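Letter by letter, the chains look like this.
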Amino acid sequence: MVSYEQWLFDFTGDHKQLRPKPTVHELAEKYHLKLSLFERMVKNNIPMCYLDTQHRMRPEIAHFMRYIYADSLHDHSTVFNRPPVRGEDSIP
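Residues numbered from 1 in each chain as written. Predicted model: local features only at pLDDT ≥ 70, side-chain atom pairs only at ≥ 80, totals over all residues. Heavy atoms only, no water.

## Some thoughts on the overall build of the protein
Applied cut-off: Only DSSP runs of H or I reaching four residues or more are called helices, and only runs of E reaching two or more are called strands; each is numbered from the N terminus. Throughout, radius of gyration means the C-alpha value; the globule benchmark is 2.2 Å times the number of residues raised to the power 0.38. Think of it in three bands: with a 1.4 Å probe and only protein chains considered, a residue is buried below 20% of the maximum accessible area for its type, exposed above 50%, and partly exposed in between. Residue contacts are defined here by distance: any two heavy atoms, one from each residue, within 4.5 Å place the two residues in contact. Here the Shrake-Rupley method, with its probe set to 1.4 Å, supplies the accessible areas, and only the displayed protein chains count as covering residues. This count recognises Lys and Arg as positive and Asp and Glu as negative, with His and chain-terminal groups excluded. Where a charge lies is defined by one atom per residue type, namely NZ (Lys), CZ (Arg), CG (Asp) and CD (Glu).
Within the protein, the secondary structure is distributed over three helices and two strands. Counted from the first residue to the last, the protein has its helices and strands arranged as α-α-β-α-β. The C-alpha radius of gyration of the protein comes to 19 Å, more than 25% above the 12 Å expected for a compact globule of 92 residues. Across its three principal axes, the protein shows a C-alpha extent of roughly 65 × 40 × 20 Å. In the protein, which comprises 92 residues, the share counted as buried stands at 18%. Relative to all contacts within the protein whose residues are 6 or more apart in sequence, the contacts with residues 24 or more apart total 40%. Total accessible area on the protein is roughly 8400 Å²; 58% of this is exposed by carbon and sulfur atoms. Counting 12 positive and 12 negative side-chain charges, the protein places the centres of these two groups 5 Å from one another.

Here is the structure:
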């Protein structure tokens, strides 16, 4: 009798953030270590979804991230209650 087990993993990450910087160039080229785990998953059509609401940054700072996410990143209401960032009056 054959027994099959199903494993479910939940990875949380972002394939659009900075790539890893391997120290050994030859190994990086041979084993494609310049790609993050999440980039590999996306390139191999592993099912994924985006989180579209950020809970950490003030909107003035999150503004700089929106171009990466094609304006699909939204601010949770709690980020508007955070203290102002010093010097933010010059941020668009």
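Here the narrative resumes, following the displayed structure.
## Quick word on the pattern of salt bridges
Here is the rule we go by: Salt-bridge detection follows one rule: a side-chain nitrogen of Lys or Arg within 4 Å of a carboxyl oxygen of Asp or Glu.
With the rule as written, the count across this model stands at four salt bridges. Ionic pairing is found between E60 and R58, a salt bridge with its closest N-O pair at 3.0 Å. Residue E60 shares its accessibility class with R58, and that shared class is buried.

## Some points on unusual backbone geometry
Positive phi is not limited to glycine here, since H32 has a value of about 55°. By secondary structure assignment, the location of H32 is in the loop between helix 1 (25–31) and helix 2 (37–43). Relative accessible area serves as the criterion here: at 52%, H32 is assigned to the exposed category. One non-glycine residue with positive phi stands out, namely N45, at about 60°. If you trace the backbone, N45 turns up in the loop between helix 2 and strand 1 (53–54).

## Let's talk about the environment of L35
By the secondary structure assignment, L35 is in the loop between helix 1 and helix 2. Linking L35 and H15, residues 20 residues apart in sequence, is a C-alpha distance of 8.9 Å. Those residues in contact with L35, other than ones at most four positions away along the chain, are R19, P20, R40 and K43.

## Concerning the environment of D14
Looking at where D14 falls in the secondary structure, it is placed in the segment before helix 1. A sequence separation of 23 residues divides D14 from L37, and the C-alpha atoms of the two residues are 9.3 Å apart. Apart from the residues lying within four places of it in its own chain, the contact partners of D14 are F38 and Y69.

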